[in-house]
There are 2 protein chains.
Amino acid sequence: MDTDICGPSIPKMMGAENETIHISNSGWSPVWVMDNLGVMSIQFMLPNKDDAIIWRGPKKNGLIKQFLKDVDWGELDLLLVDTPPGTSDEHLSVNSYLKESGIDGAIIVTTPNEVSLLDVRKEIDFCQKAGIKILGLVDNMAGFVCPKCTKESQVFEATSGGGKALSEEIGITYLGAVPLDPRIGMAGDYGESYFDSFPDSPACKAIKKVVTGVASQIALDTESLFPED
Amino acid sequence: MDTDICGPSIPKMMGAENETIHISNSGWSPVWVMDNLGVMSIQFMLPNKDDAIIWRGPKKNGLIKQFLKDVDWGELDLLLVDTPPGTSDEHLSVNSYLKESGIDGAIIVTTPNEVSLLDVRKEIDFCQKAGIKILGLVDNMAGFVCPKCTKESQVFEATSGGGKALSEEIGITYLGAVPLDPRIGMAGDYGESYFDSFPDSPACKAIKKVVTGVASQIALDTESLFPED
């Protein structure tokens, strides 16, 4: 569920940007990009894919409520909510509308530099004040392996120890560091699976470790997640 | 003027994170980080710098109005408004509150990959619908020079031609490409001036070219901007 109403990127990254939403008696159908992966995003509803969604908070909140109430999600193992940055309407609404069903927790993603961590500390403070458990923190874009010389360097320098030091300081789970691999961005642009294309890459392994780390906390069966491993 | 209410980064990047706002008879005083550069941000008002600002749209709009009405900006050559991503409350409010004084225009910043350009096309559509002139578009994080082998590679691949191709397609000014230099992020983390420290770096030259490109469109004297060049 893509709650980035003004900047919805999930459909493109899933190779589904030309899909539209079907409406039946049972509600809006998510777009099934795989047998076991349904996506809902405002991007599917735009007459023109470059249209701006010029909406203030209340309209965004209304759509998020519809995504939760009017979409025929079927039986879900997991509802993953992608939020925009911030601690505002989208975050408050998701938390409030799911109050009764409960939220397993939040995954916090940062880059290792201190300016990003400043924002992320605010997200953590939000989760703590809103009573949302933090499943863990991920350092993204942590290290870049030069394709010319294969040596690693830092693109976003962890001047204060990165997400790892912050996790230790606050006492939350550190889910690991995902290196910056330009092929991830390219896979997103082409709507293809980075995991299928580069299963042995360091970034793929790091992301799988993040997923396993999250799954272990919410009692998800990790063997069914990666049956081929 | 930092309108990223939930993720205010400007004070830290300006080396002013421990400053607070002074209130006098003439209004709130901006924090003067240089003789000719005043900053206003909610970050200066937080009791604890890691506090979340858990505000829905109307409260954010109220603060933006106060930044414009209650701050004693003095005589300004230029009011530069930093907005969060999106086309929502902050963008609508700034445009609406400044309707009478007029806005010179918007600077659009992207990374060269297509997933970013998808968001940026929506920002451009917003500007066009809101009647805001587009002063130009910048490709940020365009190319990374490996510090180990000094060869350049792409971190965010321009799979569809990047911001340059988009600028040509839409007919807006292309302000240039700023390479990804890790020292920019470090300068932000330390609150130091990248321009003073690395005046001859390719990224510094590229950013100055962006500034000159913008200044030429709004009749700003560029010689006074870079007197030492």
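In what follows, the structure referred to is the one given above.
Residues numbered from 1 in each chain as written. Chains lettered and ligands numbered in written order. Predicted model: local features only at pLDDT ≥ 70, side-chain atom pairs only at ≥ 80, totals over all residues. Heavy atoms only, no water.

1. Digging into the relation of the copies chain B and chain A
Phase 1: The transformation that overlays chain B on chain A combines an axial shift of 0.0 Å with a rotation of 180°, and the residual RMSD is 0.0 Å. With respect to symmetry, the two chain copies, as superposed, fit the operation of a two-fold axis. No C-alpha of chain B approaches the rotation axis more nearly than that of G57 of chain B, which lies at 2.7 Å.
Phase 2: Comparing contact sets, 100% of the residues at the interface of chain B also lie at the interface in chain A, consistent with an isologous, same-surface contact. (Least-squares fit on C-alpha atoms with pLDDT ≥ 70 in both. Contact = heavy atoms within 4.5 Å.)

2. Structural notes on the pairing of strand β3 (residues 31–34) of chain B
Residues and elements named next belong to chain B.
Phase 1: Alignment of β3 against strand β4 (residues 37–39), held across three bridges, turns out to be antiparallel. When the sheet's bridge partners are listed, W32 is paired in β4 with G38.
Phase 2: Counting the residues between successive antiparallel strands, the hairpin from β3 to β4 contains two residues. (Pairing = 2+ DSSP bridges. Helix = DSSP H or I, 4+ residues; strand = E, 2+ residues; numbered from the N terminus.)

3. A few points about the sheet that holds strand β5 (residues 106–110) of chain B
Backbone-to-backbone hydrogen bonds join strands into a sheet, with any given pair of strands oriented parallel or antiparallel.
Residue and element names in this part refer to chain B.
Phase 1: Taken together, the three strands give an open sheet; going across it, the order is β5-β6-β9, and neighbouring strands pair in parallel fashion. Strands at the two margins of the open sheet, each flanked by one partner only, are β5 and β9 (174–177). When the angles between neighbouring strand axes are averaged without regard to direction, this sheet yields 15°.
Phase 2: Two strands pair when backbone bridges link them, and strand β6 (residues 134–139) and β9 are joined in this way by three bridges, in the parallel orientation. (Axes fitted to C-alpha atoms, helices over the stretch in contact; angles between N-to-C directions.)

4. Remarks on the packing of helix α2 (residues 57–69) of chain B against helix α3 (residues 89–97) of chain B
All names here are of chain B.
Phase 1: In contact at an axis separation of 9 Å, α2 and α3 are set at 35° when each is read in the N-to-C sense. As for the relative orientation of α2 and α3, their crossing is right-handed in sense. Facing G57, K60, N61, I64, K65 and L68 of α2, the residues of α3 in contact are D89, E90, S93, V94 and Y97. (Left-handed = near helix turned anticlockwise from the far one by under 90°.)

5. Quick notes on the sheet that holds strand β6 (residues 134–139) of chain A
All names here are of chain A.
Phase 1: On the basis of which strands lie adjacent, the open sheet formed by three strands has the order β5-β6-β9 and parallel pairing. This sheet does not close on itself; its edge strands, each paired only once, are β5 (106–110) and β9 (174–177). Strand-to-strand, the axes of this sheet are offset by a mean angle of 15°, without reference to chain direction.
Phase 2: Pairing between β5 and β6: five bridges, direction parallel. Residue I108 lies in a different strand from β6, and its bridge partner there is L137.
Phase 3: Against the sheet, helix α5 (residues 162–170) makes contact with β5, β6 and β9, and its axis sits at roughly 155° relative to β6, the strand it touches most.
Phase 4: Each of β5, β6 and β9 touches helix α8 (residues 202–217); the most contacted strand, β9, lies at about 175° to it.

6. Overview of the side chain of D181 of chain B
Residues and elements named next belong to chain B.
Phase 1: With respect to the element layout, D181 can be found in the loop between β9 and α6 (182–190).
Phase 2: For D181, a relative accessible area of 12% translates into the label buried.
Phase 3: Of note is the side chain of D181, whose polar atom sits 2.8 Å from the side chain of Y194. (Buried < 20%, exposed > 50% of the residue type's maximum accessible area, 1.4 Å probe, protein only. Polar contact = N/O pair within 3.5 Å; in protein donor to acceptor, adjacent residues only side chain to side chain.)

7. A few points about the interface of chain B and chain A
Phase 1: In this assembly, 55 residues from chain B lie in contact with 55 residues from chain A.
Phase 2: With both sides pooled, the region where chain B packs onto chain A buries about 4,800 Å², and carbon together with sulfur makes up 61% of that total.
Phase 3: The interface formed by chain B and chain A includes four salt bridges.
Phase 4: Here D50 of chain A ties to R121 of chain B by a salt bridge, and the two come within 3.9 Å at their closest N and O atoms.
Phase 5: Viewed at the interface, chain A and chain B are joined by 26 residue pairs in polar contact (both at pLDDT 80 or more). (Buried area = accessible area lost by both parts, 1.4 Å probe. Salt bridge = Lys/Arg side-chain N within 4 Å of Asp/Glu carboxyl O.)

8. Quick look at the environment of Q66 of chain B
Phase 1: Within the fold, Q66 of chain B resides in helix α2.
Phase 2: Spatially, the C-alpha atoms of Q66 of chain B and G27 of chain B are 9.9 Å apart, while their sequence positions differ by 39 residues.

9. Some remarks on a nonpolar patch on the surface
Phase 1: Side chains of M14, M34 and L37 of chain A sit close together on the surface and give an oily, nonpolar patch of about 250 Å² of accessible area.
Phase 2: Its place among the elements puts M14 of chain A in the loop between α1 (10–13) and β1 (22–24). (Patch = residues over 30% accessible without salt bridge, like charges linked within 9 Å, V, L, I, M, F, W, Y side chains within 5 Å. Areas by Shrake-Rupley, 256 points an atom, 1.4 Å probe, with all protein chains shown as cover.)

10. Observations regarding α6 of chain B
Phase 1: Along α6 of chain B, the positions that sit buried rather than exposed are P182, A187, G188 and D189 of chain B.
Phase 2: Following α6 of chain B by one or two positions, G191 of chain B has its phi on the positive side, about 65°.

11. Points about the packing of aromatic side chains
Phase 1: Counted under the stated rule, the structure contains seven aromatic pairs over all chains.
Phase 2: Aromatic side chains Y194 of chain A and F195 of chain A sit 6.0 Å apart centroid to centroid with 75° between the ring planes, which places their arrangement in the edge-to-face category.
Phase 3: Y194 of chain A sits in the buried class, given a relative accessible area of 4%.
Phase 4: On the basis of relative accessible area, F195 of chain A is assigned to the partly exposed category, the value being 36%.
Phase 5: For the ring pair Y194 of chain B and F198 of chain B, a centre distance of 5.6 Å and an interplane angle of 45° mean the geometry is tilted.
Phase 6: Counting every residue linked through ring pairs, the aromatic cluster contains Y194, F195 and F198 of chain A.
Phase 7: It is R183 of chain A that lies over the ring of F198 of chain A; its NZ or CZ is 4.1 Å from the centre. (Phe/Tyr/Trp six-rings, centres within 6.5 Å; stacked < 30°, edge-to-face > 60°. Lys NZ or Arg CZ within 6 Å of the ring centre and 35° of its normal.)

12. Points about the pattern of salt bridges
Phase 1: Applying the stated criterion across every chain yields a total of 16 salt bridges over all chains.
Phase 2: Two residues, E90 of chain A and K60 of chain A, come together in a salt bridge whose shortest N-O distance is 2.9 Å. A residue pair is termed long-range when its members are at least 10 positions apart, and E90 of chain A in helix α3 (residues 89–97) and K60 of chain A in helix α2 (residues 57–69) qualify at 30 residues. Residues E90 of chain A and K60 of chain A agree in their burial class; the two are buried.
Phase 3: Between R121 of chain B and E114 of chain B there is a salt bridge; the shortest N-O distance is 2.9 Å.
Phase 4: A single salt-bridge network, built from bridges that share partners, covers D50 of chain A together with E114 and R121 of chain B.

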